[in-house]
Amino acid sequence: MVDGEAIRSWLSLFATEVARNRDLLTQLDSAIGDADHGANLDRGTSAAVSAFGTADHSSPGSVLKTMGMTLVGTVGGASGPLYGTLFLRMAGCAGDAERLDAPAFAAALRAGLDGVVARGRAQAGDKTMYDALSPACDALDDALAAGRDIGDALSLATAAADAGRDATIPMLARKGRASYLGERSVGHQDPGATSAALLVAAAAQALSGQVSA
Amino acid sequence: MVDGEAIRSWLSLFATEVARNRDLLTQLDSAIGDADHGANLDRGTSAAVSAFGTADHSSPGSVLKTMGMTLVGTVGGASGPLYGTLFLRMAGCAGDAERLDAPAFAAALRAGLDGVVARGRAQAGDKTMYDALSPACDALDDALAAGRDIGDALSLATAAADAGRDATIPMLARKGRASYLGERSVGHQDPGATSAALLVAAAAQALSGQVSA
Amino acid sequence: MKKLINDPANVLSESLLGVAAAHPELRVDHEHKVIFRADAPRPGKVGLVSGGGSGHEPLHGGFVGHGMLDAAACGEVFTSPVPDQITAATNGVDGGAGVLHIVKNYTGDVMNFEMAAEMAGATGGAEVVAVVTDDDVAVQDSLYTVGRRGVGVTVLVEKIAGAAAEAGRSLSDVAAVARRVNAEGRSMGLALTSCTVPAAGKPTFDLPADQIEVGIGIHGEPGRTRVPLAPAAELARMLVDPILDDLDFAGDGVLAFVNGMGGTPLIELYLMYHEVDRLLAKAGVSVARSLVGNYITSLDMAGCSVTLLKLDDEMLRLWDAPVRTPALRWGL
Amino acid sequence: MKKLINDPANVLSESLLGVAAAHPELRVDHEHKVIFRADAPRPGKVGLVSGGGSGHEPLHGGFVGHGMLDAAACGEVFTSPVPDQITAATNGVDGGAGVLHIVKNYTGDVMNFEMAAEMAGATGGAEVVAVVTDDDVAVQDSLYTVGRRGVGVTVLVEKIAGAAAEAGRSLSDVAAVARRVNAEGRSMGLALTSCTVPAAGKPTFDLPADQIEVGIGIHGEPGRTRVPLAPAAELARMLVDPILDDLDFAGDGVLAFVNGMGGTPLIELYLMYHEVDRLLAKAGVSVARSLVGNYITSLDMAGCSVTLLKLDDEMLRLWDAPVRTPALRWGL
Ligand SMILES: Nc1ncnc2c1ncn2[C@@H]1O[C@H](COP(=O)(O)OP(=O)(O)O)[C@@H](O)[C@H]1O
Ligand SMILES: Nc1ncnc2c1ncn2[C@@H]1O[C@H](COP(=O)(O)OP(=O)(O)O)[C@@H](O)[C@H]1O
Ligand SMILES: [Mg+2]
Ligand SMILES: [Mg+2]
Ligand SMILES: [Mg+2]
Ligand SMILES: [Mg+2]
């Protein structure tokens with residue numbers, strides 16, 4: 001079962017990974033965007049970690065809401081509303097529950113993904129964060145349906161997210177700044193898909209132990 | 001005896017040398033000035049060569065006047081008025097004479113140098129064209145006074161101009177743009193002294209045959 | 001990276017301190033990073049809010065003042081402002097006649113302004129109408145993509161809609177004028193060099209000494225194509241031809257706008273203006289008004305863009321109306 | 001070299017074609033490369049002529065118009081105009097009340113303006129008085145040298161003397177005002193990068209990525225010293241301290257002018273203005289007026305200069321008076 005504390009460690013680990021990969025994210029965004037994805041996301045996830053210090057984390061929903069509000073309020077750009085919406089929709093789905101079981105967590109993540117689509121209207125193959133998040137959600141659902149435990153399921157989701165991220169390389173971008181480049185967007189890995197894969201990997205690392213506990 | 005035609009070949013040769021050394025002059029001016037001495041002078045001497053095509057060159061004075069007026073009217077910057085004044089004063093000194101003998105030529109050059117001083121108030125050691133022109137005039141006068149022929153005298157003047165040009169390297173500039181650099185002007189050859197040495201060398205080459213003739 | 005800054009993280013907030021100090025006629029909300037007219041809100045006047053990532057100065061903050069914007073929400077460099085900032089701007093200019101959001105068409109800008117407008121709607125705040133600018137012909141528009149970028153025409157929308165608002169026109173009127181300007185304007189830009197985002201610390205892209213990027217936006221992103229550097233006459237053709245291909249500019253006259261990207265000297269911009277003017281004359285397009293200078297920039301990028309706007313009588317009158325902002329001022 | 005130009009030899013003349021096309025309120029004499037107010041000469045008004053090498057735009061051509069210059073003689077890039085050009089400018093603005101020459105203190109400028117004035121004297125032309133600006137505290141003044149360079153204060157002299165001339169004051173009055181502005185103004189500049197003169201084709205000097213030049217002029221010449229790049233707060237001190245050491249600015253208030261060298265974005269100039277403003281507050285110097293932007297530039301050089309002018313009531317009034325030029329405009 002995932003409680004507020006577990007969500008907090010997941011998102012804190014994500015913040016650490018964003019900080020570590022800040023230059024990589026910005027470099028990827030230099031090639032096909034405007035060279036700010038690392039700085040943007042790092043500003044937001046650092047602010048969220050600070051906010052966690054004082055905010056309510058009695059439930060998964062409250063932590064996810066703090067995360068979503070903080071990202072909406074500090075990131076800006078495309079990724080701010082998108083990641084912000086993802087976490088706010090997760091929070092909405094999680095409601096007031098003190099703990100989420102594995103299917104409930106997967107359902108919340110799926111709700112977050114739907115929020116990303118509602119906000120940004122991305123489809124598979126547009127070369128965005130969707131291309132990492134969507135296969136991760138599918139893998140998570142499939143593994144849980146097949147009776148795998150959450151640790152295994154999140155590992156499979158991570159592999160799917162990584163594969164989805166890598167699959168953005170040959171794509172021709174149709175959403176976000178990279179779309180302005182037309183054919184020249186081909187051959188570059190999408191920065192948002194890269195940060196999304198970090199998010200899924202952080203979940204596998206932070207939550208698998210907790211949930212099986 | 002130097003006639004108008006001889007003066008014209010002197011100044012045309014000077015123009016050729018300026019064109020050939022255009023980049024060098026600009027490069028010297030980059031180090032301690034504003035990177036335009038080559039372009040400035042070349043613009044003026046090329047214009048003068050064109051003007052020679054149509055202008056009166058029946059006398060040294062008329063050619064020198066064309067040269068001076070053209071430089072004043074096309075060069076700009078510091079070197080335009082200075083070289084312009086040099087040739088206009090030479091023209092004034094040469095008057096309507098159809099030919100100049102060696103002492104008359106030397107006197108005209110001296111008058112030109114006085115014009116440079118009147119206009120720019122440079123003194124020996126200020127790190128300007130004066131530091132090449134003044135030793136050249138002195139050497140010319142001395143050699144003629146010692147009974148040397150004009151060819152020899154102009155060769156000695158050229159050597160003096162070259163030495164004067166080289167002597168500008170260690171000088172601390174007190175006139176022109178290089179003076180703004182203070183101590184940092186030390187160690188660089190003055191661009192104006194460099195073009196002035198070209199002028200004297202061109203005289204040696206173009207006039208020694210003519211005058212002894 | 002060589003910049004006149006302290007910590008890259010504080011470029012925007014420290015620059016806003018300078019704006020506040022230099023412009024007593026403006027009021028800066030440093031918490032929200034919003035630049036207001038000192039006299040905002042003006043009761044009964046439609047409030048004009050724009051905003052976007054910083055690094056395009058004078059856009060937008062330099063266009064706040066009488067006859068133009070009431071407020072500009074300043075995002076981090078090249079990053080759209082967050083909804084809170086836009087909300088603070090919107091509330092601060094709400095004089096009861098509604099608020100127009102002028103939004104450049106970038107995913108981030110559109111989404112953040114949308115979220116702010118949704119909040120205003122949900123909380124019974126000001127009536128908000130958004131106009132999105134999308135004038136960049138370098139981007140192929142299609143149903144499946146995000147559409148064209150908003151670039152040079154944004155300056156003209158802010159001026160012309162600003163004059164309409166100053167004249168007391170209604171929100172729907174002002175929005176209609178703004179949409180017409182956007183619909184009748186087209187732009188295209190090129191870069192000689194990349195720019196350097198302070199937080200990134202190095203140029204966004206490398207460009208060999210003999211290559212340029214054509215079809216760039218204003219965020220240091222690479223353009224549509226990389227081509228060899230060419231004489232200005234040819235560069236002007238690369239910018240003007242696609243614009244004329246996209247819209248018929250025959251008519252009473254255009255506003256011809258040659259904009260510098262920040263690192264290009266005025267002497268070159270005027271030279272480009274001459275080339276553009278020649279091409280327009282050859283194409284039978286008559287020029288009624290012109291604007292030459294650095295108005296919508298990309299930090300220190302060298303390059304320029306051309307914007308043409310097909311003027312009608314009303315737009316012309318509104319363009320000529322008095323304006324008093326740090327970067328565009330006449331008649332006052 | 002990456003520039004929006006055709007042939008380096010034609011940069012100036014082609015740029016002037018653009019100026020003429022973009023500014024119907026100006027008249028350009030393309031033969032002499034002089035930019036005039038379209039309504040020059042104004043009978044009974046003192047004519048104001050300035051000029052110098054090009055590459056400092058908007059100075060001087062961008063300051064031609066009502067309340068400022070009547071004509072600007074445009075030399076080649078970084079090369080003072082020749083006497084013929086200055087004579088054409090002088091004759092073209094002579095409305096019978098005499099002509100003021102505003103000359104920046106460079107050997108070339110001074111000599112060419114002198115020769116033009118001598119010719120005017122010799123041919124019974126307009127009465128000419130010259131005022132030479134020399135505000136650059138980076139240059140140590142001495143009897144044996146050419147003295148300080150004229151830099152930022154030149155913009156302020158042109159504005160303030162221009163307002164005096166527009167008000168109908170006599171030649172000696174206008175000259176006295178111009179001299180007072182010069183006497184009460186001081187400047188200091190720094191460069192982050194060199195500039196590239198079109199005819200030279202490469203940067204005038206090489207500057208390592210971590211070094212800057214302090215005490216530069218406006219011609220891409222190296223400065224007095226090369227020091228490591230430092231935060232803006234420290235750079236501001238390097239500019240403000242020598243100015244305050246040179247002249248006592250206590251009094252009614254100063255005009256604080258932070259000027260960009262051409263390649264530095266506005267966001268950085270406002271950040272610098274904030275630092276300058278702080279230092280002045282700390283030194284007890286009160287700021288009455290400010291100006292921030294690219295007004296006297298050095299082609300594409302990155303960097304800035306600070307100019308302080310000690311205002312008196314009259315200067316303040318003349319500064320605030322209406323002006324209508326391409327680059328400085330208010331009240332009209
Ligand atoms: N419409 C969209 N839907 C989903 N993701 C998107 C969309 N537009 C952009 N993105 C994602 O956002 C990332 C860029 O984020 P960021 O650089 O922070 O914002 P910006 O593009 O405004 O500078 C892209 O790499 C892409 O993955
Ligand atoms: N007062 C002066 N007297 C004599 N020569 C001078 C004086 N000032 C400058 N010069 C000469 O002019 C040269 C520079 O000429 P140029 O580069 O064409 O003009 P500018 O300095 O205006 O760019 C200097 O190298 C120096 O020799
Ligand atoms: Mg980005
Ligand atoms: Mg020079
Ligand atoms: Mg961005
Ligand atoms: Mg020069």
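Keep in mind that this is a model prediction, so the values were computed, not measured. Counting of residues starts from 1 at the beginning of each chain's written sequence and follows it residue by residue. Chains and ligands are labelled sequentially in the order written, the chains with letters from A and the ligands with numbers from 1. Two thresholds apply to this predicted model, a pLDDT of at least 70 for residue-level local features and 80 or more for giving and counting side-chain atom pairs, whereas whole-chain, interface and lining totals are computed over all residues. Hydrogens and water are ignored here; the side-chain numbers use all heavy atoms of the structure.

The subject of this paragraph is the overall build of chain C. Secondary structure counts use DSSP, requiring at least four H or I residues in a row for a helix and at least two E residues in a row for a strand, with both numbered from the N terminus. For chain C, the helix and strand inventory stands at eight helices and 14 strands. In this treatment the radius of gyration is a C-alpha quantity, and the globule benchmark scales as 2.2 Å times the residue count to the 0.38 power. Relative to a compact globule of 332 residues, whose C-alpha radius of gyration would be 20 Å, chain C shows 19 Å and is just as compact. Considering only C-alpha atoms, chain C reaches an extent of 55 × 50 × 45 Å along its principal axes. Put simply, 73% of the contacts in chain C that link residues at least 6 apart link residues at least 24 apart. For the accessible areas, the method is Shrake-Rupley and the probe is 1.4 Å, while residue cover comes only from the protein chains on display. When the accessible surface of chain C is summed, it comes to about 10,000 Å², and 51% of that surface belongs to carbon and sulfur atoms. In this charge count, Lys and Arg are treated as positive and Asp and Glu as negative; neither His nor the chain ends contribute. Note that the charge is assigned to NZ on lysines, CZ on arginines, CG on aspartates and CD on glutamates. Charged side chains in chain C number 26 positive and 41 negative. The centres of these two groups are separated by 3 Å. When checking whether two residues touch, look at their non-hydrogen atoms; a contact exists if any pair is within 4.5 Å.

Below, the discussion takes up the side chain of Asp36(B). If you trace the backbone, Asp36(B) turns up in the loop between helix 2 (22–32) and helix 3 (37–54). No salt bridge is formed by the buried Asp36(B); its nearest oppositely charged neighbour, Arg177(B), is found at 5.4 Å. Ignoring any residue separated from it by four or fewer positions in sequence, one finds Asp36(B) in contact with Thr26(B), Asp29(B), Val77(D), Phe78(D) and Thr79(D). When a residue's accessible area, from a 1.4 Å probe over protein chains only, is under 20% of the maximum for its type it is buried; when over 50% it is exposed; and in between it is partly exposed. Note on definitions: salt bridges are taken to be side-chain nitrogens of Lys or Arg within 4 Å of carboxyl oxygens of Asp or Glu.

Bringing the packing of helix 5 (residues 79–94) of chain B against helix 6 (residues 102–120) of chain B into the picture now. Describing two packed helices takes the angle between their axes plus the distance from one axis to the other. All names here are of chain B. Inter-axis angles, ranging from 0 to 180 degrees, are taken between N-to-C directions of lines fitted to C-alpha atoms, where helices are fitted over the stretch in contact. At their nearest, the axes of helix 5 and helix 6 sit 7 Å apart, and the two run at 140° to each other. What the angle tells us is that helix 5 and helix 6 run oblique. Regarding helix 5 and helix 6, the two cross each other, and that crossing is right-handed. Note that Gly is not counted as nonpolar here; it falls among the polar residues with everything else outside the nonpolar set of Ala, Val, Leu, Ile, Met, Phe, Trp, Tyr, Cys and Pro and the charged set of Asp, Glu, Lys and Arg. Classifying every residue of the contact of helix 5 with helix 6 gives 13 nonpolar, four polar and three charged. In what follows, roughly perpendicular refers to angles from 65 to 115 degrees, roughly parallel to angles under 35, roughly antiparallel to angles over 145, and oblique to any angle outside these ranges. Crossing handedness is defined as follows: a turn of the near helix away from the far one that is anticlockwise and smaller than a right angle gives a left-handed crossing, while the clockwise case is right-handed.

Before going further, it helps to examine helix 5 (residues 171–184) of chain D. Residues and elements named next belong to chain D. When the terminal C-alpha atoms of helix 5 are compared, their 20 Å separation across 14 residues agrees well with the 20 Å that a helix rising 1.5 Å per residue should span. Along helix 5, the positions that sit buried rather than exposed are Leu171, Val174, Ala175, Val177, Ala178, Val181 and Asn182. Each buried residue of helix 5 lies within a common arc of 160° when the element is viewed along its axis, so the set occupies one face. One fewer than the residue count of a helix, multiplied by 1.5 Å, yields its expected span. When we speak of the arc, we mean the arc of directions from the helix axis to the C-beta atoms.

Turning next to the coordination of the magnesium ion (ligand 5). Coordination sphere of the magnesium ion (ligand 5), protein contribution only: Asp34(A) (OD), Asp36(A) (OD) and Phe78(C) (O), at 2.1 to 2.4 Å. The exposure class of Asp34(A) is buried, given its relative accessible area of 2%. Water is absent from the atoms considered, so a metal site may look incomplete; donors are defined as N, O and S atoms within 2.8 Å of the metal, or 3.2 Å for Na, K and Ca.

This part covers the interface of chain D and chain C. On the side of chain C, 59 residues touch chain D, which itself brings 58 residues to the contact. Taking both sides of the interface into account, the surface hidden between chain D and chain C amounts to around 4,400 Å²; carbon and sulfur atoms contribute 65%. Buried surface area refers to the total accessible area, computed with a probe of radius 1.4 Å, that the two partners give up upon joining, counted for both partners together. Ranking the residues of chain D by area buried against chain C places Lys2(D), Leu4(D) and Ile267(D) at the top, with a combined share of 21%. Our count for the contact surface shared by chain D and chain C stands at two salt bridges. Residues adjacent in sequence count toward polar contacts only when both atoms are side-chain atoms; beyond that, a polar contact is any pair of N or O atoms within 3.5 Å, and within protein one must be able to donate a hydrogen and the other to accept it. Where chain D meets chain C, there are 24 residue pairs in polar contact (both at pLDDT 80 or more). Where the side of chain D that touches chain C is concerned, the elements lending two or more residues are helix 1 (11–22), helix 6 (232–246), helix 7 (266–282), strand 11 (287–293), strand 12 (303–310) and strand 14 (329–330) of chain D. For the side of chain D that touches chain C, the element with the most residues is helix 7 of chain D, which contributes 10 residues. Here the side of chain D that touches chain C is built from residues that sort into 34 nonpolar, 14 polar and 10 charged.

In superposing the copies, a least-squares fit is computed on C-alpha atoms, taking residues whose pLDDT is at least 70 in both. When chain D is brought onto chain C, the operation consists of a screw motion whose angular component is 180° and whose axial shift is 0.0 Å, with 0.0 Å RMSD remaining. Here the copies are linked by what is in effect a two-fold axis. Within chain D, Gly263(D) has its C-alpha nearest the rotation axis, a separation of 2.1 Å. Of the residues that chain D buries at the interface, 100% are likewise interface residues in chain C, meaning the two copies contact each other through the same surface.

In this complex, chain A contributes 33 residues to the contact, which on the side of chain C involves 35 residues. Where chain A abuts chain C, roughly 2,700 Å² becomes buried across the two surfaces, and 56% of that area is made up of carbon and sulfur atoms. The largest share of the area that chain A buries against chain C comes from Arg119(A), Tyr180(A) and Arg184(A), three residues that together contribute 29% of it. Counting across the interface, chain A meets chain C through three salt bridges. The closest approach of N and O atoms between Glu114(C) and Arg119(A), which form a salt bridge, is 3.4 Å. For the pair chain A and chain C, the number of links is 11 residue pairs in polar contact (both at pLDDT 80 or more). Sorting the residues of the side of chain A that touches chain C by element identifies helix 2 (22–32), helix 3 (37–54), helix 4 (60–74), helix 5 (79–94) and helix 6 (102–120) of chain A as the ones contributing at least two each. Counting residues per element, the side of chain A that touches chain C draws most heavily on helix 2 of chain A, at four residues.

Next up on the list: the site of ligand 1. Neighbouring ligand 1 are 21 residues; Asp34(A), Ala78(A), Ser79(A), Asp190(A) and Gly192(A) lie closest to it. Being near a molecule or strand, for a residue, means having at least one of its heavy atoms within 4 Å of it. Among the chains of the assembly, those with residues near ligand 1 are chains A and C. Between ligand 1 and the protein, one listed contact pairs an oxygen atom with a side-chain N or O atom of Ser79(A) at 2.5 Å. Contact between ligand 1 and Gly120(A): a nitrogen atom at 2.9 Å from a main-chain N or O atom of the residue. Taken by itself ligand 1 offers 570 Å² of open surface, and the protein chains cover 97% of this. Breaking the shell around ligand 1 down by element, the ones donating at least two residues are helix 3, helix 5 and helix 9 (191–212) of chain A. Among the elements that take part in the shell around ligand 1, helix 9 of chain A stands out by supplying three residues, more than any other.

This part takes up the UniProt feature "domain: DhaL" (unreviewed entry) in chain A. Taking the UniProt record as the reference, the feature "domain: DhaL" (unreviewed entry) is found at residues 5–205 of chain A. Taken end to end, residues 5–205 of chain A is 72% helix and 1% strand, and its two terminal C-alpha atoms sit 14 Å from one another. UniProt positions are given in the numbering used here, feature names are shortened, and annotations may be inferred rather than shown by experiment.

Here we take up the coordination of the magnesium ion (ligand 4). Note on metal sites: the ideal angle is 109.5 degrees for four tetrahedral donors, and 90 or 180 degrees for six octahedral donors. Residues and elements named next belong to chain B. With distances of 2.0 to 2.1 Å, the protein atoms coordinating the magnesium ion (ligand 4) are Asp29 (OD), Asp34 (OD) and Asp36 (OD). Coordination of the magnesium ion (ligand 4) draws on donor residues from a single chain, spaced D-x4-D-x1-D in sequence. Between the magnesium ion (ligand 4) and the magnesium ion (ligand 6), a spacing of 3.5 Å is present, and a bridge between the two is formed by Asp34.

This brings us to the environment of Gly176(B). Note on placement: Gly176(B) falls in the loop between helix 8 (150–167) and helix 9 (191–212). Separated by 111 residues in sequence, Gly176(B) and Lys65(B) have C-alpha atoms that sit 25 Å apart. With residues up to four places along the chain from it excluded, the contact list for Gly176(B) reads Thr107(D) and Val146(D).

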